[in-house]
Number of protein chains: 2
Amino acid sequence: MNILPATHPLAAGRTASSALVRALQGVRPDRLPVWFMRQAGRSLPEYRQLRAGTPMLDACLDPEMAAEITLQPVRRHGVDAAIFFSDIVIPLKLAGVEVDIVAGRGPVFPRPVRTAADVERLCAEHPAESLRQAIAPIREAVQRVTAELGATPLIGFAGAPFTLAAYLVEGGPSRDHLRARALMHTDPEAWKRLLAWAAELSGVFLEAQVSAGASAAQLFDSWAGSLSARDYTAHVSPSSMHTLERVRQLRWVDPASADGEEQPVPTIHFAVGADHLLEDFARLGTNALGIDWRIPLDEASARLGGGVPLQGNLNPAFLSAPEQALEAHLREVIQAGRSAPAHVLNLGHGVPPETDPEVLSWLVQRAHALGNI
Amino acid sequence: MNILPATHPLAAGRTASSALVRALQGVRPDRLPVWFMRQAGRSLPEYRQLRAGTPMLDACLDPEMAAEITLQPVRRHGVDAAIFFSDIVIPLKLAGVEVDIVAGRGPVFPRPVRTAADVERLCAEHPAESLRQAIAPIREAVQRVTAELGATPLIGFAGAPFTLAAYLVEGGPSRDHLRARALMHTDPEAWKRLLAWAAELSGVFLEAQVSAGASAAQLFDSWAGSLSARDYTAHVSPSSMHTLERVRQLRWVDPASADGEEQPVPTIHFAVGADHLLEDFARLGTNALGIDWRIPLDEASARLGGGVPLQGNLNPAFLSAPEQALEAHLREVIQAGRSAPAHVLNLGHGVPPETDPEVLSWLVQRAHALGNI
């Protein structure tokens, strides 16, 4: 266990009573908290202007730029949380793994990891210690963000171990991650070692964001949906648990609470197209689960026994729809979210790049107005 | 209603008592029927040799070549059904829609369909009648196949209307078909018209294969998994129903049956990553449902009330695993399949191109040996 310093936004009482933190603690706040996955980024003209000429990973590692990009959507939309601007491959890059972002394709790894020997080399050449030693730009960016955010919490984020491993095994993005899913059966020992390594990297990355000032942490398992339920349980879930434990061992005391009990930093788990793993995700024990747009929140909540705060799940397909259709959808999502102990309104997936930012601002206002009806 | 001629493999009694047809009728046959999605194609060296120099769509439209490719895996593996070698975009191409297969990307449509005017033009310029007039090569290929197949049934196949529409709206393959999913909300009327058109094309294509000699028909909704349950029900399912009705109105009489009752040609529905739509697919009323690798067949069967024959669902990630692991997985799938009224063994997805054909042959033999234990 590690106790966060009294200057941390949670421990200092700045964000402890925010709508987001309260909702993650399972207490329905006065105001429906709203934020959008990928709110920091391509949908904003001020982002495109700032980023012009700077490669993606360089922007993530420039503390001033990363902080500014993280803050832009908070200023513009009035969302209830900032999400740290980063990329899922940043912990790998900081640990020294060679990676390039290729336009129209995504991150590409020139040396895919496909054999036990590849795994061996990877773990030996790029230990978590390398990431720890290179983490300063991340900590600095988080500190810059939280210095400006005041009562608005920052959410730290990291890709889950499976998603990181799938990138490395495939050598880049792939449709169904078959090479990665095959490795766990052709060489279960090498797979286990790879996942343990990725879990530690992912954990160190999240831990750094939280200890530097993030008030919550979201683990994105972008590609878990391609796994069978059996493979997820046997070959993946323990590594996500390891990553989350790295964050949950950071404790803080809510200055407004009477009992002064230490509690873990709130966590959120999110995956997409992974309806069949919902109950497995619940066993990871995060404070809240993000639900994509595929099933309504009341159905998800019923499957979880009604006890898990949920985040989501506006269907991005409505973002270009006429206002009337979008508002009807928003009302449905808010209504369905009432069946969970608490609800954090979000999209069921990241903001599509072509989204009109005005629509996002409108959604925040309408959600705040409708959230208390 | 149309009665299939007495020369049709079903009506003539050649395939009516095959393990596949019996299983689709919900009767557990003496032998566990086995076939593999995409068994006809890239995993076979004899296919690569035959196709060398012939573009994909040309191969599909050359009756002799399409027939030979359809037959190759039946000869090599001893599977219990042939699947017609074709491509999901063939009905579009035959209706005169411009399409190119781009290596490493898939089918690309130079004129994407994104507005009501685009839909209008598409429907006016490429009516289902154009497909009917161009269908001869498909009928001829099916006739060539069934003339050689004897007691082994041929399964006809078509892409479902949503999958066809998604290709057209996106202009090619896409990660989550957001443009298509948005169109149904930005312009529901144009969407409805597009889906009705696609449903008719898909229906005509399947009907042609069945009337020419296929003993069953599988509708592939490759991309339905990206839809919310609500959108599937409201904006997609009626069109799949229309396509299926085109096939089910073809009736035949089992010569071995005492009552001489006319019955529809058996149908299978398959989608991938669509666990959240399982109950919706059941409402389409196909004889069997294909299940991908994500959940075990006993879980799927329980959700369906135990009354639906299931097809699937070997995890392709095991195809490169050591024999012992693959056999253990095969045994599990066969065991789980016993909870359904009948089971057609298949992969939970198409054969990956890099699959060792020997492994597929081995699977057929082991499945036949284990299927009766």
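It should be emphasised that the depicted structure is a prediction, and the values quoted were computed from it without experimental measurement.

> Explanation requested: the packing of aromatic side chains in the structure shown.
We describe a pair of aromatic rings using the distance from one ring centre to the other and the angle between the two ring planes. Tallied over the full model, the rule gives 14 aromatic pairs over all chains. Put simply, the rings of Phe109(A), Tyr167(A) and Trp223(A) pair up and form one aromatic cluster.

> Could you clarify how one ought to interpret the side chain of His77(B) in this entry?
Residues and elements named next belong to chain B. Checked against the element boundaries, histidine 77 lands in helix 4 (residues 63-77). According to the relative accessible area criterion, histidine 77 is buried, its value standing at 5%. Polar side-chain contacts of histidine 77 include one of 2.8 Å to the side chain of serine 361. Setting aside residues up to four positions removed in sequence, histidine 77 forms contacts with Leu44, Pro357, Leu360, Ser361 and Val364.

> How should I be thinking about the UniProt feature "domain: Uroporphyrinogen decarboxylase (URO-D)" (unreviewed entry) in chain A in this particular structure?
Residues and elements named next belong to chain A. Under the feature "domain: Uroporphyrinogen decarboxylase (URO-D)" (unreviewed entry), the UniProt entry names residues 33-42 and 155-171. Taken end to end, residues 33-42 has its terminal C-alpha atoms 23 Å apart, with 0% of it in helix and 0% in strand. Taken end to end, residues 155-171 comprises 59% helix and 29% strand; its first and last C-alpha atoms sit 28 Å apart.

> How do you make sense of the relation of the copies chain A and chain B when you look at a structure like this?
Two copies of one chain are present, and they are related through a rotation about an axis combined with an axial shift. The two copies are related by a screw motion: chain A maps onto chain B through a turn of 180 degrees and a shift of 0.0 Å along the axis, at an RMSD of 0.0 Å. On the angle and the small slide along the axis, the relation comes out as a two-fold axis. Same-surface contact between copies: 100% of interface residues of chain A are shared with the interface of chain B.

> What exactly am I supposed to notice about unusual backbone geometry here?
A cis amide bond, omega -20 degrees, links Gly312(A) with the succeeding residue Asn313(A). Mapped onto the fold, Asn313(A) is located in strand 11 (residues 310-314). A positive phi is found at His177(A), a non-glycine position, where the angle reads about 60 degrees. With respect to the secondary-structure elements, His177(A) resides in the loop between helix 9 (161-170) and helix 10 (178-186). Positive phi outside glycine occurs at Arg38(B), with the angle close to 60 degrees.

> What is the right way to look at the UniProt feature "site: Transition state stabilizer" (unreviewed entry) in chain A in this model?
Residue and element names in this part refer to chain A. UniProt tags Asp87 as "site: Transition state stabilizer" (unreviewed entry). On the secondary structure map, aspartate 87 appears in the loop between strand 2 (82-83) and helix 5 (90-94). Once residues within four sequence positions are removed from consideration, aspartate 87 is found in contact with Met56, Leu57, Cys60, Ile101 and Phe157. Within the local environment of aspartate 87, its side chain forms a polar contact with the backbone nitrogen of valine 89, the two atoms lying 2.9 Å apart.

> I tried to follow the sheet that holds strand 6 (residues 216-221) of chain B on my own but got confused; where do I start?
The strands that make up a sheet are held in pairs by hydrogen bonds between backbone atoms, and each pair lies either parallel or antiparallel. Residues and elements named next belong to chain B. With respect to topology, 7 strands assemble into an open sheet ordered 2-5-6-9-10-11-12, the strand pairing being parallel. Only two strands of the sheet have a single partner each, and these edge strands are strand 2 (82-83) and strand 12 (343-347). The sheet contacts of helix 11 (residues 188-212) involve strand 5 (154-159) and strand 6, and relative to strand 5 the element is tilted by about 170 degrees.

> Would you explain the side chain of Ser18(B) in this entry?
All names here are of chain B. As for its placement among the helices and strands, serine 18 is situated in the loop between strand 1 (2-3) and helix 1 (19-24). Owing to a relative accessible area of 11%, serine 18 belongs among the buried residues under this scheme. At 3.3 Å, the side chain of serine 18 and the backbone nitrogen of valine 21 are in polar contact. Setting aside anything within four residues of it in sequence, one finds serine 18 in contact with Ala151 and Pro153.

> Help me understand the environment of Leu154(A), please; the structure alone is not making it clear to me.
Residues and elements named next belong to chain A. As for its position among the elements, leucine 154 is in strand 5 (residues 154-159). With a relative accessible area of 1%, leucine 154 lands in the buried category. With 84 residues separating them along the chain, leucine 154 and threonine 70 place their C-alpha atoms 8.9 Å apart.

> Help me understand the pairing of strand 11 (residues 310-314) of chain B, please; the structure alone is not making it clear to me.
Within a regular beta strand, the side chains point alternately toward one face of the sheet and then the other, so they alternate between its two faces. All names here are of chain B. The buried fraction of strand 11 is high, at 5 of 5 residues. With helix 15 (residues 297-303) bridging strand 10 (residues 288-290) and the parallel strand 11, this β-α-β connection has right-handed handedness. Pairing geometry for strand 11 and strand 12, over 5 bridges, is parallel. Looking across to strand 12, one finds that asparagine 313 is bridged to asparagine 346. A crossover links strand 11 with its parallel partner strand 12, the connecting element being helix 16 (residues 323-337), and its sense is right-handed.

> Please clarify how the pattern of salt bridges should be interpreted in this entry.
Once their charged atoms are close, side chains differing in charge can pair, the charge on each being opposite to the other. In this structure the tally under the stated criterion is 42 salt bridges over all chains. Where Arg246(B) meets Glu200(B), a salt bridge forms, and the shortest distance between an N and an O atom there is 2.9 Å. On the criterion of sequence distance, the pair formed by Arg246(B) in helix 13 (residues 237-248) and Glu200(B) in helix 11 is long-range, its members being 46 residues apart. Under the relative-accessibility criterion, Glu200(B) is labelled buried at 16%. One network of salt bridges, with partners in common, ties together Glu129(A), Arg132(A), Glu200(A), Glu207(A) and Arg246(A).

> I keep staring at the pairing of strand 6 of chain B and nothing clicks. Help me out?
Residues and elements named next belong to chain B. For strand 6, a buried count of 6 out of 6 residues is recorded, marking the element as mostly surrounded by other parts of the structure. Along strand 6, one buried face is formed by Ala216, Gln218 and Phe220 and the opposite face, lined by Ala217, Leu219 and Asp221, is buried too. With 5 bridges connecting them, strand 5 and strand 6 associate as parallel partners. Across the sheet, residue glycine 159 finds its bridge partner in strand 6, namely phenylalanine 220.

> Can you walk me through the interface of chain A and chain B in this structure?
Interfaces are often sized by the accessible area lost when the parts come together. On the side of chain B, 33 residues touch chain A, which itself brings 33 residues to the contact. When chain A packs against chain B, close to 2600 Å² is buried across both sides, 52% of that on carbon and sulfur atoms. Joining chain A to chain B, the criterion identifies 2 salt bridges. Across the salt bridge formed by Glu332(B) and Arg230(A), the nearest N and O atoms sit 2.6 Å from each other. Linking chain A with chain B are 14 residue pairs in polar contact (both at pLDDT 80 or more), by the criterion used here. Counting residues per element, the ones that place at least two in the side of chain A that touches chain B are helix 10 and helix 12 (229-235) of chain A. Counting residues per element, the side of chain A that touches chain B draws most heavily on helix 10 of chain A, which supplies 5 residues. Within the side of chain A that touches chain B, the residues separate by chemical class into 14 nonpolar, 10 polar and 9 charged.

> Help me understand the sheet that holds strand 11 of chain A, please; the structure alone is not making it clear to me.
Residue and element names in this part refer to chain A. The strand order across the open sheet formed by 7 strands is 2-5-6-9-10-11-12, and the pairing between neighbours is parallel. Both outer strands of the open sheet, strand 2 and strand 12 (343-347), are each paired with one neighbouring strand and no more. Inspection of the sheet shows strand 6 (residues 216-221) paired to strand 9 (residues 267-271) by 5 bridges, in the parallel sense. For aspartate 221, the partnering residue across the bridge sits in strand 9 and is alanine 271.

> Is there a simple way to explain helix 16 of chain B in this structure?
Helical periodicity: at 3.6 residues per turn, an α-helix aligns residues three or four positions apart in one direction. Its 15 residues place the ends of helix 16 of chain B 21 Å apart at the C-alpha level, agreeing with the 21 Å of an ideal helix rising 1.5 Å per residue. Lining the buried residues of helix 16 of chain B we find helix 15, strand 11, strand 12 and helix 17 (357-370) of chain B.

> I keep staring at the environment of Glu68(B) and nothing clicks. Help me out?
All names here are of chain B. One can find glutamate 68 in helix 4. The partly exposed category is assigned to glutamate 68, whose relative accessible area is 26%. Between the alpha carbons of glutamate 68 and alanine 141 there is a distance of 8.8 Å; along the sequence they are 73 residues apart. Other than its neighbours up to four places away in sequence, glutamate 68 contacts Leu50 and Arg75.

Rules used throughout
- Residues numbered from 1 in each chain as written.
- Chains lettered and ligands numbered in written order.
- Predicted model: local features only at pLDDT ≥ 70, side-chain atom pairs only at ≥ 80, totals over all residues.
- Heavy atoms only, no water.
- Phe/Tyr/Trp six-rings, centres within 6.5 Å; stacked < 30°, edge-to-face > 60°.
- Helix = DSSP H or I, 4+ residues; strand = E, 2+ residues; numbered from the N terminus.
- Buried < 20%, exposed > 50% of the residue type's maximum accessible area, 1.4 Å probe, protein only.
- Polar contact = N/O pair within 3.5 Å; in protein donor to acceptor, adjacent residues only side chain to side chain.
- Contact = heavy atoms within 4.5 Å.
- UniProt positions renumbered as here; feature names shortened; annotations may be inferred.
- Least-squares fit on C-alpha atoms with pLDDT ≥ 70 in both.
- Pairing = 2+ DSSP bridges.
- Axes fitted to C-alpha atoms, helices over the stretch in contact; angles between N-to-C directions.
- Right-handed = clockwise from strand over helix to strand, strands pointing away.
- Salt bridge = Lys/Arg side-chain N within 4 Å of Asp/Glu carboxyl O.
- Buried area = accessible area lost by both parts, 1.4 Å probe.
- Nonpolar A, V, L, I, M, F, W, Y, C, P; charged D, E, K, R; others polar.
- Expected span 1.5 Å × (residues − 1).

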